[in-house]
Amino acid sequence: MAIHPPKKRTLPKPRQPGVSKYHGVRMTEEEYLSLPEEKPYLEYVDGMVLQKPMPNAEHADLVAELQYYLVAYRKTHGGRTGPERRVRLRDAPSYRLPDTAYWAAGVPSGNDTVPTLAVEVRSPDQTMTELRAKCHAYRAGGVQVCWLFDPADRTVEVFEGRRDGEPIAPHGKLESALLPGFFVELDDLFSVLGRE
(Lines give C-alpha, C1' and ligand atoms only; values in the text may rest on other atoms or scores of the structure.)
Protein backbone atom coordinates (compact mmCIF):
# COMPACT_ATOMS: atom_id res chain seq x y z
CA MET A 1 0.00 0.00 0.00
CA ALA A 2 1.47 3.33 -1.07
CA ILE A 3 1.46 6.19 1.39
CA HIS A 4 0.96 9.62 -0.14
CA PRO A 5 1.84 12.82 1.64
CA PRO A 6 -1.14 15.06 2.41
CA LYS A 7 -2.04 17.52 -0.37
CA LYS A 8 -1.04 21.08 0.28
CA ARG A 9 -3.91 23.53 0.37
CA THR A 10 -3.31 26.63 -1.63
CA LEU A 11 -4.94 29.66 -0.16
CA PRO A 12 -6.44 32.21 -2.53
CA LYS A 13 -4.33 35.30 -3.08
CA PRO A 14 -5.54 38.23 -1.02
CA ARG A 15 -7.20 40.91 -3.11
CA GLN A 16 -5.65 44.31 -3.40
CA PRO A 17 -7.78 47.13 -2.00
CA GLY A 18 -10.08 48.51 -4.70
CA VAL A 19 -9.81 45.45 -6.94
CA SER A 20 -13.07 43.71 -7.74
CA LYS A 21 -13.48 40.12 -6.59
CA TYR A 22 -14.53 39.36 -10.18
CA HIS A 23 -11.36 40.76 -11.82
CA GLY A 24 -9.53 37.94 -13.62
CA VAL A 25 -12.37 35.45 -13.15
CA ARG A 26 -13.47 33.29 -16.10
CA MET A 27 -17.22 33.02 -16.57
CA THR A 28 -19.91 32.74 -19.20
CA GLU A 29 -21.38 35.71 -20.98
CA GLU A 30 -24.65 35.19 -19.07
CA GLU A 31 -22.82 35.19 -15.73
CA TYR A 32 -21.01 38.40 -16.65
CA LEU A 33 -24.25 40.11 -17.66
CA SER A 34 -25.84 39.17 -14.32
CA LEU A 35 -23.03 40.69 -12.20
CA PRO A 36 -23.93 43.66 -10.01
CA GLU A 37 -22.74 47.03 -11.31
CA GLU A 38 -19.63 48.32 -9.61
CA LYS A 39 -17.04 51.01 -10.16
CA PRO A 40 -14.56 50.96 -11.65
CA TYR A 41 -16.64 49.16 -14.26
CA LEU A 42 -16.06 45.59 -15.37
CA GLU A 43 -15.39 44.55 -18.97
CA TYR A 44 -15.63 41.05 -20.45
CA VAL A 45 -12.92 39.86 -22.84
CA ASP A 46 -12.34 36.31 -24.12
CA GLY A 47 -14.44 34.83 -21.32
CA MET A 48 -12.67 36.76 -18.55
CA VAL A 49 -13.84 39.68 -16.44
CA LEU A 50 -11.44 42.63 -16.37
CA GLN A 51 -11.78 45.68 -14.18
CA LYS A 52 -11.17 49.05 -15.79
CA PRO A 53 -8.55 51.18 -14.02
CA MET A 54 -9.69 53.98 -11.76
CA PRO A 55 -9.24 57.23 -13.70
CA ASN A 56 -7.19 60.04 -12.24
CA ALA A 57 -8.15 63.74 -12.42
CA GLU A 58 -6.41 64.37 -15.77
CA HIS A 59 -8.10 61.35 -17.33
CA ALA A 60 -11.54 62.46 -16.07
CA ASP A 61 -10.99 66.09 -17.14
CA LEU A 62 -9.93 65.09 -20.65
CA VAL A 63 -12.93 62.74 -21.09
CA ALA A 64 -15.30 65.46 -19.83
CA GLU A 65 -13.80 68.04 -22.22
CA LEU A 66 -14.05 65.69 -25.19
CA GLN A 67 -17.60 64.80 -24.16
CA TYR A 68 -18.44 68.52 -24.24
CA TYR A 69 -17.37 68.70 -27.91
CA LEU A 70 -19.21 65.48 -28.80
CA VAL A 71 -22.44 66.71 -27.17
CA ALA A 72 -22.20 69.98 -29.12
CA TYR A 73 -21.69 67.97 -32.32
CA ARG A 74 -24.64 65.68 -31.52
CA LYS A 75 -26.91 68.70 -31.05
CA THR A 76 -26.30 69.83 -34.62
CA HIS A 77 -25.70 66.50 -36.40
CA GLY A 78 -27.83 64.03 -34.45
CA GLY A 79 -26.72 60.71 -33.12
CA ARG A 80 -25.96 59.76 -29.55
CA THR A 81 -22.99 60.05 -27.23
CA GLY A 82 -22.06 59.10 -23.71
CA PRO A 83 -19.23 58.04 -21.43
CA GLU A 84 -18.61 54.43 -20.41
CA ARG A 85 -21.60 52.88 -22.17
CA ARG A 86 -21.24 49.14 -22.53
CA VAL A 87 -20.52 47.95 -26.08
CA ARG A 88 -20.87 44.36 -27.29
CA LEU A 89 -18.26 43.82 -29.96
CA ARG A 90 -19.26 41.58 -32.85
CA ASP A 91 -16.17 39.36 -33.10
CA ALA A 92 -16.83 37.27 -29.96
CA PRO A 93 -18.82 37.66 -26.81
CA SER A 94 -16.79 40.65 -25.72
CA TYR A 95 -18.06 43.67 -23.80
CA ARG A 96 -16.04 46.87 -23.54
CA LEU A 97 -16.71 50.25 -21.97
CA PRO A 98 -14.97 52.99 -23.95
CA ASP A 99 -14.15 56.10 -21.95
CA THR A 100 -16.61 57.84 -24.24
CA ALA A 101 -18.26 57.01 -27.56
CA TYR A 102 -20.41 58.44 -30.34
CA TRP A 103 -23.12 56.75 -32.43
CA ALA A 104 -23.74 58.63 -35.71
CA ALA A 105 -27.30 59.52 -36.69
CA GLY A 106 -29.02 56.45 -38.13
CA VAL A 107 -26.67 54.00 -36.37
CA PRO A 108 -28.41 51.75 -33.80
CA SER A 109 -27.55 53.21 -30.40
CA GLY A 110 -29.44 51.12 -27.87
CA ASN A 111 -27.90 49.05 -25.11
CA ASP A 112 -24.71 47.18 -26.05
CA THR A 113 -24.63 48.47 -29.65
CA VAL A 114 -21.42 49.20 -31.55
CA PRO A 115 -20.62 52.93 -31.77
CA THR A 116 -19.22 54.79 -34.75
CA LEU A 117 -16.43 56.21 -32.55
CA ALA A 118 -14.81 54.77 -29.41
CA VAL A 119 -12.39 56.83 -27.33
CA GLU A 120 -9.79 55.53 -24.91
CA VAL A 121 -7.73 57.70 -22.57
CA ARG A 122 -4.63 56.18 -20.98
CA SER A 123 -4.65 55.97 -17.20
CA PRO A 124 -1.29 56.03 -15.38
CA ASP A 125 -1.26 52.26 -14.79
CA GLN A 126 -2.04 51.40 -18.42
CA THR A 127 0.40 51.05 -21.30
CA MET A 128 -0.11 52.42 -24.76
CA THR A 129 0.60 48.91 -26.09
CA GLU A 130 -2.40 47.42 -24.27
CA LEU A 131 -4.63 50.32 -25.32
CA ARG A 132 -3.55 50.00 -28.96
CA ALA A 133 -4.59 46.34 -28.74
CA LYS A 134 -7.93 47.50 -27.34
CA CYS A 135 -8.37 49.91 -30.27
CA HIS A 136 -7.60 47.03 -32.66
CA ALA A 137 -10.28 44.96 -30.88
CA TYR A 138 -12.77 47.82 -31.28
CA ARG A 139 -12.04 48.03 -34.99
CA ALA A 140 -12.27 44.25 -35.45
CA GLY A 141 -15.56 44.31 -33.53
CA GLY A 142 -17.21 46.84 -35.84
CA VAL A 143 -16.20 50.27 -34.46
CA GLN A 144 -15.23 52.48 -37.39
CA VAL A 145 -13.06 55.02 -35.57
CA CYS A 146 -10.99 54.83 -32.39
CA TRP A 147 -9.12 57.74 -30.84
CA LEU A 148 -6.43 56.93 -28.28
CA PHE A 149 -5.32 59.73 -25.96
CA ASP A 150 -2.22 59.87 -23.78
CA PRO A 151 -2.70 62.78 -21.36
CA ALA A 152 0.88 62.51 -20.04
CA ASP A 153 2.40 63.09 -23.49
CA ARG A 154 -0.57 65.11 -24.81
CA THR A 155 -0.80 62.91 -27.89
CA VAL A 156 -3.60 61.30 -29.86
CA GLU A 157 -3.44 58.27 -32.15
CA VAL A 158 -6.13 57.61 -34.76
CA PHE A 159 -7.42 54.20 -35.84
CA GLU A 160 -9.66 54.75 -38.87
CA GLY A 161 -9.62 53.23 -42.35
CA ARG A 162 -5.97 52.62 -43.20
CA ARG A 163 -4.79 54.79 -40.32
CA ASP A 164 -3.59 52.28 -37.72
CA GLY A 165 -2.45 54.26 -34.71
CA GLU A 166 -1.42 57.26 -36.78
CA PRO A 167 -0.39 60.10 -34.46
CA ILE A 168 -1.88 63.54 -34.93
CA ALA A 169 0.79 66.20 -35.25
CA PRO A 170 1.37 68.39 -32.20
CA HIS A 171 -0.91 71.45 -32.34
CA GLY A 172 -2.97 69.53 -34.90
CA LYS A 173 -6.69 69.07 -35.30
CA LEU A 174 -8.83 66.11 -34.27
CA GLU A 175 -11.38 65.21 -36.95
CA SER A 176 -12.86 62.25 -38.83
CA ALA A 177 -14.45 61.66 -42.21
CA LEU A 178 -17.17 59.73 -40.34
CA LEU A 179 -18.02 62.80 -38.23
CA PRO A 180 -18.38 65.43 -40.97
CA GLY A 181 -18.04 68.92 -39.57
CA PHE A 182 -16.51 67.78 -36.26
CA PHE A 183 -13.09 69.13 -35.38
CA VAL A 184 -11.27 70.32 -32.31
CA GLU A 185 -7.81 71.78 -31.99
CA LEU A 186 -5.63 69.57 -29.80
CA ASP A 187 -4.28 72.61 -27.99
CA ASP A 188 -7.85 73.55 -27.00
CA LEU A 189 -8.64 70.02 -25.90
CA PHE A 190 -5.47 69.52 -23.88
CA SER A 191 -5.74 72.98 -22.29
CA VAL A 192 -8.04 71.41 -19.67
CA LEU A 193 -5.09 69.46 -18.27
CA GLY A 194 -3.20 70.95 -15.39
CA ARG A 195 -5.98 73.32 -14.34
CA GLU A 196 -6.51 73.65 -10.60
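Cut-offs used in this document
Residues numbered from 1 in each chain as written. Predicted model: local features only at pLDDT ≥ 70, side-chain atom pairs only at ≥ 80, totals over all residues. Heavy atoms only, no water. Helix = DSSP H or I, 4+ residues; strand = E, 2+ residues; numbered from the N terminus. Buried < 20%, exposed > 50% of the residue type's maximum accessible area, 1.4 Å probe, protein only. Contact = heavy atoms within 4.5 Å. Lys, Arg positive; Asp, Glu negative; His and termini not counted. Charge placed at Lys NZ, Arg CZ, Asp CG, Glu CD. Pairing = 2+ DSSP bridges. Axes fitted to C-alpha atoms, helices over the stretch in contact; angles between N-to-C directions. Salt bridge = Lys/Arg side-chain N within 4 Å of Asp/Glu carboxyl O. Phe/Tyr/Trp six-rings, centres within 6.5 Å; stacked < 30°, edge-to-face > 60°. Lys NZ or Arg CZ within 6 Å of the ring centre and 35° of its normal. Expected span 1.5 Å × (residues − 1). Arc of directions from axis to C-beta.

*Asks:* Let's hear about the overall build of the protein: which residues, and what values?
*Replies:* Across its full length, the protein holds 4 helices and 12 strands. Dimensions of the protein, computed from the C-alpha atoms along their principal axes, are close to 80 × 40 × 30 Å. The buried share of the protein, taken over its 196 residues, is 43%. For the protein, the share of sequence-separated contacts (at least 6 apart) that also reach a separation of at least 24 residues comes to 50%. Distance from the positive charge centre (26 side chains) to the negative charge centre (28 side chains) of the protein: 7 Å.

*Asks:* Pulling in residues and values, what's your account of the pairing of strand β6 (residues 100-103)?
*Replies:* Regular strands have side chains that alternate between both faces of the sheet. Side chains of β6 alternate between two faces, with T100 and Y102 and A101 and W103 buried alike. With 3 bridges connecting them, strand β3 (residues 80-82) and β6 associate as antiparallel partners. By the bridge assignment, T81 is partnered in β6 with Y102. Of the strand pairs in this sheet, β6 and strand β7 (residues 117-121) are connected by 3 bridges, and their pairing is antiparallel. Of the residues in β7, the one forming a bridge with T100 is V119.

*Asks:* I'd like a description of the sheet that holds strand β8 (residues 145-150), backed by residues and values.
*Replies:* The mixed open sheet is built from 6 strands, whose spatial order is β3-β6-β7-β8-β9-β10. Single-partner strands in this sheet number two, and they are β3 and β10 (163-167). Adjacent strand axes in the sheet meet at a mean angle of 15 degrees when their direction is disregarded. Note that strand β9 (residues 155-160) and β10 share 4 bridges and pair antiparallel. Within β10, the position partnered with E157 by the bridge is P167. The sheet contacts of helix α2 (residues 57-77) involve β3, β6, β7 and β8, and relative to β6 the element is tilted by about 10 degrees. Along the sheet, helix α3 (residues 128-140) makes contact with β7, β8, β9 and β10, crossing β8 at roughly 165 degrees.

*Asks:* Outline the side chain of Q67, listing residues and values.
*Replies:* Mapped onto the elements, Q67 comes out in helix α2. When residues no more than four places from it in sequence are discounted, the contact partners of Q67 are T81, G82, P83 and T100.

*Asks:* Any details on the pattern of salt bridges? Residues and values, ideally.
*Replies:* On inspection of all chains with the given rule, the structure shows 10 salt bridges. Where R132 meets E157, a salt bridge forms, and the shortest distance between an N and an O atom there is 2.7 Å. Of this pair, R132 sits in helix α3 while E157 sits in strand β9, and the two are 25 residues apart along the sequence. Between R163 and E166 there is a salt bridge; the shortest N-O distance is 3.2 Å. Under the relative-accessibility criterion, R163 is labelled partly exposed at 28%. The structure contains a network of salt bridges with shared partners spanning E43, R96, E120 and K134.

*Asks:* Before we move on, can you summarise the packing of aromatic side chains with the specific residues and values?
*Replies:* Per the counting criterion, the structure on display carries 8 aromatic pairs. Here a set of aromatic residues connected by ring pairs shows up, and it is made of Y73, Y102, W147 and F182. It is R85 that lies over the ring of W103; its NZ or CZ is 4.1 Å from the centre. The lysine or arginine in question, K173, covers the ring of F183, its NZ or CZ lying 5.0 Å from the ring centre.

*Asks:* Could you give me a rundown of α3, with the residues and numbers involved?
*Replies:* The terminal C-alpha atoms of α3 lie 18 Å apart, and with 13 residues this matches the ideal 18 Å at 1.5 Å per residue to within 8%. Residues of α3 that are buried include every one of M128, L131, K134, C135 and Y138, and no others. Each buried residue of α3 sits inside an arc of 115 degrees when the element is viewed along its axis, so together they form one side. Exposed residues on α3 whose side chains face more than 90 degrees from its buried face are T129 and A140. Looking at the buried residues of α3, the elements they touch are β1 (42-45), β4 (87-89), β5 (94-96), β7, β8 and β9. After α3 finishes, the residue G142 shows a positive phi value of roughly 110 degrees.

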